[in-house]
Amino acid sequence: MANTRHVPERSCVSCAQKFPKPDLIRIVKTLEGVVTVDISTKSAGRGAYLCHTPSCWQRGIEKGGLERSLKVEISTHDKSWLMDFYTKEILRSPE
Ligand SMILES: [Zn+2]
């Protein structure tokens with residue numbers, strides 16, 4: 001058997017496309033109920049994944065896909081924080 005290393009796949013909550021887990025960004029609702037970007041991908045709590053496409057972040061955050069996946073209401077403040085984080089930390093680093 002050749003080298004078929006199994007990479008776990010997850011779906012983006014917006015476009016529903018499957019990606020290898022490391023290619024997605026994990027958003028987590030922590031045990032304290034705080035919604036944040038899980039850079040380590042290992043935080044405890046309920047997680048949802050978004051791909052790198054800007055429209056997926058916009059739709060996921062503004063149209064409620066993320067809230068549905070996380071089963072939480074995200075405040076306007078946290079939504080703008082998430083978009084901000086995406087723009088500053090993810091969009092500008094293509095690799
Ligand atoms: Zn997507």
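What counts as what
- Residues numbered from 1 in each chain as written.
- Predicted model: local features only at pLDDT ≥ 70, side-chain atom pairs only at ≥ 80, totals over all residues.
- Heavy atoms only, no water.
- Pairing = 2+ DSSP bridges.
- Helix = DSSP H or I, 4+ residues; strand = E, 2+ residues; numbered from the N terminus.
- Axes fitted to C-alpha atoms, helices over the stretch in contact; angles between N-to-C directions.
- Donors = N, O, S within 2.8 Å, 3.2 Å for Na, K, Ca; no water.
- Tetrahedral: all angles 85-135°; square planar, octahedral: opposite > 155°, others 65-115°.
- Core = buried A, V, L, I, M, F, W, Y, C linked by side-chain atoms within 4.5 Å.
- Buried < 20%, exposed > 50% of the residue type's maximum accessible area, 1.4 Å probe, protein only.
- Contact = heavy atoms within 4.5 Å.
- Salt bridge = Lys/Arg side-chain N within 4 Å of Asp/Glu carboxyl O.

**Points about the sheet that holds strand S5 (residues 46-50)**
No. 1: In space, the three strands of this open sheet follow the order S4-S3-S5, with antiparallel pairing throughout. Both outer strands of the open sheet, strand S4 (35-37) and S5, are each paired with one neighbouring strand and no more. Looking at each pair of strands side by side, their axes are set apart by 25° on average, direction ignored.

**Things to note about the coordination of the zinc ion**
No. 1: For the zinc ion, every protein donor is listed as Cys12 (SG), Cys15 (SG), Cys51 (SG) and Cys56 (SG), and the spread of their distances is 2.2 to 2.3 Å.
No. 2: Of note is the zinc ion, whose four donor atoms meet at the metal with angles of 102 to 119° in an arrangement that counts as tetrahedral.
No. 3: The sequence motif formed by the donor residues of the zinc ion is C-x2-C-x35-C-x4-C. One end of the pair, Cys15, is in the loop between strand S1 (9-11) and strand S2 (18-20); the other, Cys56, is in helix H1 (residues 54-62), and 41 residues separate them in sequence.

**Here's the deal with the nonpolar core**
No. 1: Residues Ile27, Val35, Trp57, Leu66, Leu70 and Leu82 are the most contacted members of the largest nonpolar core, which totals 22 residues.
No. 2: For this core, the elements supplying multiple residues, two or more each, are strand S3 (25-29), S4, S5, H1, helix H2 (65-70) and helix H3 (76-90).
No. 3: A total of five residues in this core trace back to one element, the largest contributor, which is H3.
No. 4: The contact partners of Trp57, leaving out residues within four places of it in the chain, are Ile25, Ile27, Leu50, Cys51, Glu62, Leu82, Met83, Tyr86 and Ile90.

**Things to note about the pattern of salt bridges**
No. 1: Tallied over the full model, the rule gives three salt bridges.
No. 2: With a shortest N-O distance of 3.8 Å, Glu67 and Lys79 are connected by a salt bridge. One end of the pair, Glu67, is in helix H2; the other, Lys79, is in helix H3, and twelve residues separate them in sequence.
No. 3: Between Asp84 and Lys88 there is a salt bridge, and its shortest N-O distance comes to 2.8 Å. Taken together, the positions of Asp84 and Lys88, both in helix H3 and four residues apart, correspond to about one turn of that helix.

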